[in-house]
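Examining the three-dimensional arrangement
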Amino acid sequence: MKENRKLSEAIFELWRSLTRRRRRQLVLVVLIMIAASIAEVFSLGMIVPFLALLTAPDKVMANPLAHALLAGLPGASAQGLVIWATAAFCFAAIASAAVRILLLYVSTRYSRALGADLSLQIYRRTLYQPYRVHISRNSSEIINGVTHKTNVLISNVLQPLLTVASSVLILIGILGALFAISWSITLSALLVLGIIYAVIMQVTRARMQQDSRVVADESTQVVKALQEGLGGIRDVLIDGTQETFSTIYEVSDRRMRAAQARAILSSGSPRFAIEGLGMVFIALLAVGMSRGGADPGVVPVLGALALGSQRLLPIAQQAYAAVSLVRASEASFVDVLDLLRQPMPELASAGRAEPLPFHTALELRHVHFSYAPGGEAVLKDLSLVIPRGSRLGIFGPTGGGKSTLLDVLMGLLEPTEGSVLVDGVKVDASTQPGWRRHIAHVPQSIYLSDASIAENIAFGVPAGKVDLDRVREAARMAQIGAVIDTWPEGYRTVVGERGVRLSGGQRQRIGIARALYKQADFIVLDEATSALDNDTERELMQAIDALSRDLTLVMVAHRLTTLQHCDLLVEVVGGRVVRTGSYAELVLGERRSGASAPLGQAGGP
């Protein structure tokens, strides 16, 4: 009962996540289900008078009620009535089939549209999650949720639920007609059928829940294996570890498919046994009634029962298979709901934020940061002032907190303690979007999409809205424009997935061109020149140094020579600022004393 309650709560939660339009469409689908049920009853109800007129037309005409109903029809003779009955029966059968085809068409289109809605909703909510959330989970979990598990929700949960609803309504209609024909036989058959399905469901329930979790978990592992093997293909080829990754993929894929196969077997196998038993039941009933000297008028009743059973059993099996499929996909259903529960920031529907005023300085005031509550602090009482238009260089040992410091500067991470201020305004959840409008980030590893050079420089801009003049200017400033001009396709050159057709230096310069295209006034370069040779790096740094003094630059590098043109250098060790000064002061100070300069707070140039 607890499991049923959890499933019903999940279904109700899914209903609440639907838009008003989808809810109205679902009501329309239910109305068509009701129409299909009525059509089924009508077509089944026509079998009795049809068979009766075929087997004993005179007896039908002798019935006062039938005579009164049929007297007004043209050709009210026995032979004419057979034609009318045949036409009515054919019409009822065709109408029933047409309505069920319409139901299939409408429910399929509805499922497809709803699947697109849910997939987009999950993806959109995921994109709006804070950076801290993104770095705490595996991307394969999200990719699997947006693609595979959403498809599972539609094909193995929503469509089966619609099937169950449709089947129940049609079953009610068929049973109503059968009860009207012979309530005792129908009740006996219904009890036998219900007991068989109840026993099967009870026996397979535990295994289905287990297989449900296996499918949900292993499908994520399959995506993870694909991402890791293809993402690190260079190392895989060098190390010859193809079989290792193939084995990881094979184990998860086989487990997932085995669980899926067991679910299909559990949902589909009862059909054949029950359909066979149903036909045996009708045959034995017919023999028993004929040997007992039953009235010939019983033939229409037996025909109606046989036809009703022939329709009833597949629909009952369809409903059972749908319920089984829902139970087998319950874990994936819950995982999708977890992704749908991701909170959306209040500003998400407000459109693009206006830039936060930035005229004076960015200040970090006594900032502490730790990734986990109560965990070790990565930044410790760090204070820093970055005047607008300054060039700040940050250096220090690996693991000293430089990357975390940059994430705090860019508003990707909120301090655990302390505050980040832009012209005295605190950067928090409400002002972060406005502050990020100023920022362009050039990381050590540049992400490039499988698109043209122009589209990668104008990353995030629709292809039809790319300003090619701005693209060319940004590429020229990033010291890659001359190279691009020598390529046959120029700025239309496709870079390949993750830029595999470009050298490391070319990828870095495209990343810098991307920042310049954005026309941001606060540019963060995180080891952005690490892949460049000395001559190219020197040319690039000269180009950066020649940029307008309205631009604020923050650069992280391991080589102090890369930062020699910065106004101020800051050394970060153990999450603290331990030294500040110009390049000459720090380098000459070390050479003269062989020791670190005094501790100090970073200020303006």
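Look above for the structure.
Please read all numbers here as calculations on a predicted model, not as lab measurements.

About the criteria used
- Residues numbered from 1 in each chain as written.
- Predicted model: local features only at pLDDT ≥ 70, side-chain atom pairs only at ≥ 80, totals over all residues.
- Heavy atoms only, no water.
- Helix = DSSP H or I, 4+ residues; strand = E, 2+ residues; numbered from the N terminus.
- Buried < 20%, exposed > 50% of the residue type's maximum accessible area, 1.4 Å probe, protein only.
- Contact = heavy atoms within 4.5 Å.
- Areas by Shrake-Rupley, 256 points an atom, 1.4 Å probe, with all protein chains shown as cover.
- Phe/Tyr/Trp six-rings, centres within 6.5 Å; stacked < 30°, edge-to-face > 60°.
- Lys NZ or Arg CZ within 6 Å of the ring centre and 35° of its normal.
- Salt bridge = Lys/Arg side-chain N within 4 Å of Asp/Glu carboxyl O.
- Core = buried A, V, L, I, M, F, W, Y, C linked by side-chain atoms within 4.5 Å.

Each helix and strand in the protein was counted, giving 22 helices and 10 strands. The 605 residues of the protein split such that 43% are buried. Considering only residue pairs separated by 6 or more positions, the protein has 77% of its internal contacts joining residues 24 or more positions apart. Total accessible area on the protein is roughly 31100 Å²; 60% of this is exposed by carbon and sulfur atoms.

This part takes up the packing of aromatic side chains. For any two aromatic rings, the description comes down to two numbers: the centre-to-centre distance and the angle of the planes. Overall, the coordinates contain 4 aromatic pairs when judged by the stated rule. Between the aromatic rings of Phe358 and Trp435, the centroid separation amounts to 5.4 Å while the plane-to-plane angle is 80°, which identifies the pairing as edge-to-face. Highlighted residues: Phe358 in the loop between helix 14 (330-340) and strand 1 (361-369) and Trp435 in helix 16 (residues 432-436), separated in sequence by 77 residues. Judged by relative accessible area, Phe358 falls into the buried class, the value being 2%. On the numbers, 4.8 Å between centres and 90° between planes, the contact of Phe369 with Tyr371 is edge-to-face. Residue class for Tyr371 comes out partly exposed when judged on its relative accessible area of 35%. A cation over an aromatic ring shows up here: Arg470 above the ring of Tyr517, its NZ or CZ 4.2 Å from the ring centre.

With that settled, the discussion passes to the pattern of salt bridges. Pairs can form between side chains of opposite charge once their charged atoms are near each other. According to the stated counting rule, one finds 9 salt bridges in the structure shown. For Asp338, the salt bridge identified is with Arg341, shortest N-O distance 2.2 Å. For the salt bridge of Arg365 with Glu363, the shortest nitrogen-to-oxygen distance reads 3.1 Å. Assessed through its relative accessible area of 38%, Arg365 is described here as partly exposed. Of the residues examined, Glu363 reaches a relative accessible area of 24% and is grouped as partly exposed.

Of all hydrophobic cores here, the largest spans 42 residues; its most connected members are Ile453, Ile457, Val471, Tyr491, Ile523 and Leu525. Looking at this core, the elements that each hand over two or more residues are strand 6 (439-442), helix 17 (453-457), helix 18 (468-477), helix 20 (504-517), strand 7 (522-526), helix 21 (534-545), strand 8 (552-556) and helix 22 (583-593). The element best represented in this core is helix 20, accounting for 6 residues. Excluding its chain neighbours within four sequence positions, the residues that come into contact with Tyr491 are Ser452, Ile453, Ala454, Ile457, Val471, Arg472, Ala475, Gly481, Ile484 and Asp485.

None of the figures reported here should be taken as evidence of function without further support.
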